[in-house]
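Structural characterization, general
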Amino acid sequence: MCASMLELKGIHAGYGEFRVLHDVNMHVDKGEIVALIGPNGAGKTTTLRTALGMTTLYEGKVFFKGEDITKVPTHKRVEKGIAMVPEGRGIFTPLTVYENLLAGAYTKRAEEKLQDSLEFVFTLFPRLKERKNQIAGTLSGGEAQMLAIARALMSRPELLLLDEPSLGLAPKIVLEVFDVIKRLREEGVTILIVEQHVKNSLETADRAYVMETGRIVLEGEARSLLKDERLKKAYLVI
Amino acid sequence: MIEPIVVVSNIIDGLLMGLLYSLVALGLSLIFGLMDIINFAHGDFVMIGAYLAWILAMNFMVDPSVTALITVPLFFVIGLAVYKAVIEPILGAEPLIQIAVTVGLGFVLQNIALAIFHAEPRSYPAPALNFGINVGPITLTAAKLVAAAVSLASLLLIHYMLTRTKFGLAIRATSANRMVAPLMGINVGKVYAVVFGLGIALTALGAALYMSWGQVNPYLGASFSLLSWVIVAMGGLGGVVGVLASGLIVGVLEALGSTFITPSARMAVVYLAFFLLLWFRPRGLFARR
Ligand SMILES: Nc1ncnc2c1ncn2[C@@H]1O[C@H](COP(=O)(O)OP(=O)(O)OP(=O)(O)O)[C@@H](O)[C@H]1O
Ligand SMILES: [Mg+2]
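Here the structure is a predicted model, which is why all the values come from computation and not from measurement.

On to the overall build of chain B, then. Scanning chain B for helices and strands turns up ten helices and two strands. Each helix and strand of chain B, ordered N terminal to C terminal, gives the series α-α-α-α-β-β-α-α-α-α-α-α. Over its C-alpha trace chain B gives a radius of gyration of 19 Å, about what one expects of a compact globule, namely 19 Å for 289 residues. In terms of its C-alpha atoms, chain B occupies a principal-axis envelope of roughly 60 × 50 × 35 Å. Burial statistics for chain B: of 289 residues in total, 49% are counted as buried. Contacts in chain B between residues far apart in sequence, at least 24 positions, make up 76% of those at least 6 positions apart. In the structure as shown, chain B presents an accessible area of about 12800 Å², 71% of it carried by carbon and sulfur atoms.

Below you can see the structure in the form of structure tokens.
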């Protein structure tokens, strides 16, 4: 069986009456890092949210490891092994760092591996261990992003969706985030990442999709896209 | 001439009542904190619960407080049903629609009570616990002591549930960010339904305890609703502890106002204090800056 980890087929999706995605087709294969890039409002976040069943789907199908999960509710998709680091991090600010991580391991499957997962995320982010009992709302931006990633990892995902994980972070921390992403691939996690840092993400990713106004307009090897004149003009000049 | 002993006994009475009010208000607080819905029918569930306790007490000739063993689980189930039928459809709707629906629900409950029981108040004629206990010069009602003790135990139990159990974590995570909670694998719909059921079950518990000495008429809900709103607004983000603290304050203010001004001014005193508090701490007693 060589089914993709994630496959979106002929997706038309949006929010209520507001249609955002038009016939989006994409796939993420096991072990890959795939980048999804595009201008503000293109529909990148909507694409990730659709993979987790958090939008209105008008047409199309979502497959996870070959299984049709189009009708599966969000919390059960997480149980199946998809996790997301949402745009803006979405950490539970009144809870402690530790409680955020516990919440990440909410599913039965994840709860069984709780100790193991804690050890893993604490070696990945030693800062979080130091701040274990701190209220999450008092973390710095970089620490909060680490927590958001760690919390997603606590669910033991096979597929991790990252929505602009480096947004608003200092350049040094941005590099740290990309290091973590590479490290996760070594751990066998498949990754779909939405990024503003187009250059960084194309250098890290295997393949990439470019989205504009709800449509995929370009796709291919990340390295060849790096040299694409059209893309260079649109993004890399900044 | 104000006798100190009268003040002290009023304060104690107010503290006992405050615990009961906290119990009832906690349901409103949990529901509001989680779903952003103000249940304007909250007090009316206390009223229906009180009638139910009265009916069961009359039929089985037991003290109304004992009927909680039946009414609490029953109200939990009723709460689940009301959630499915009435609350779920208005989640995320315009506030005006939410207000109209829950105010309407309250009126329906009142009208049901009016139709069945008419307006005259009912109380249990032979309450087992409605006797005085003398503590020095102060006389306390046994029923109120029991109500206060059961309320406090329930508040502590719920505090424990919220802070130490997995389901409590799900409630707090969902209250903090309902968009992100499903990404943890939390079934938000289930959390909502159970918490609504729990909030309604607490009204039944408060009502059964209250009927050990109190009386019920179809309009009893209004005063429980008003007190609950004030307590929740004062308690702000303080969780169970916030609700408990503001419940005690409200109970004491009500008791003092009722004795030293006039019984009909009790709510006015509570509200005056509430307005003053909002003036100085607009986000409640326990809001962080
Ligand atoms: N919850 C929502 N309800 C209604 N419309 C939404 C919602 N979220 C996003 N939109 C709209 O959908 C369109 C696509 O938004 P989306 O967030 O998917 O873009 P994006 O590519 O992630 O942009 P950005 O780079 O700014 O994050 C935008 O027009 C946006 O206004
Ligand atoms: Mg976005």
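Continuing now.
Here we take up the interface of chain A and chain B. Opposite the 20 residues of chain A that make contact, chain B presents 18 residues. With both chains or domains summed, chain A and chain B bury close to 1800 Å², and 71% of this area falls on carbon and sulfur atoms. The largest contributions to the chain A side of the interface with chain B come from A:His75, A:Phe92 and A:Tyr106, which together make up 39% of the buried area. Our enumeration of links across chain A and chain B arrives at two salt bridges.

To continue, consider the side chain of B:His42. Residues and elements named next belong to chain B. Along the polypeptide, His-42 turns up in helix H2 (residues 42-60). Taking relative accessible area as the criterion, His-42 reaches 0% and is therefore assigned buried. In terms of polar contacts, His-42 uses its side chain to reach the backbone amide nitrogen of Leu-28, at 3.5 Å.

It is worth spelling out the site of ligand 1 at this point. Residues and elements named next belong to chain A. If you check the shell around ligand 1, you find 14 residues, and the closest are Gly-41, Lys-44, Thr-45, Thr-46 and Glu-87. Between an oxygen atom of ligand 1 and a main-chain N or O atom of Ala-42, the distance comes to 3.2 Å. The backbone of Lys-44 places a nitrogen or oxygen atom 2.8 Å from an oxygen atom of ligand 1. Of all the secondary structure elements, the ones that give two or more residues to the shell around ligand 1 are strand E2 (18-28) and helix H1 (44-51).

Thresholds, definitions, all that
- Residues numbered from 1 in each chain as written.
- Chains lettered and ligands numbered in written order.
- Predicted model: local features only at pLDDT ≥ 70, side-chain atom pairs only at ≥ 80, totals over all residues.
- Heavy atoms only, no water.
- Helix = DSSP H or I, 4+ residues; strand = E, 2+ residues; numbered from the N terminus.
- Rg over C-alpha atoms; globule rule 2.2 N^0.38 Å.
- Buried < 20%, exposed > 50% of the residue type's maximum accessible area, 1.4 Å probe, protein only.
- Contact = heavy atoms within 4.5 Å.
- Areas by Shrake-Rupley, 256 points an atom, 1.4 Å probe, with all protein chains shown as cover.
- Buried area = accessible area lost by both parts, 1.4 Å probe.
- Salt bridge = Lys/Arg side-chain N within 4 Å of Asp/Glu carboxyl O.
- Polar contact = N/O pair within 3.5 Å; in protein donor to acceptor, adjacent residues only side chain to side chain.
- Near = heavy atom within 4 Å.

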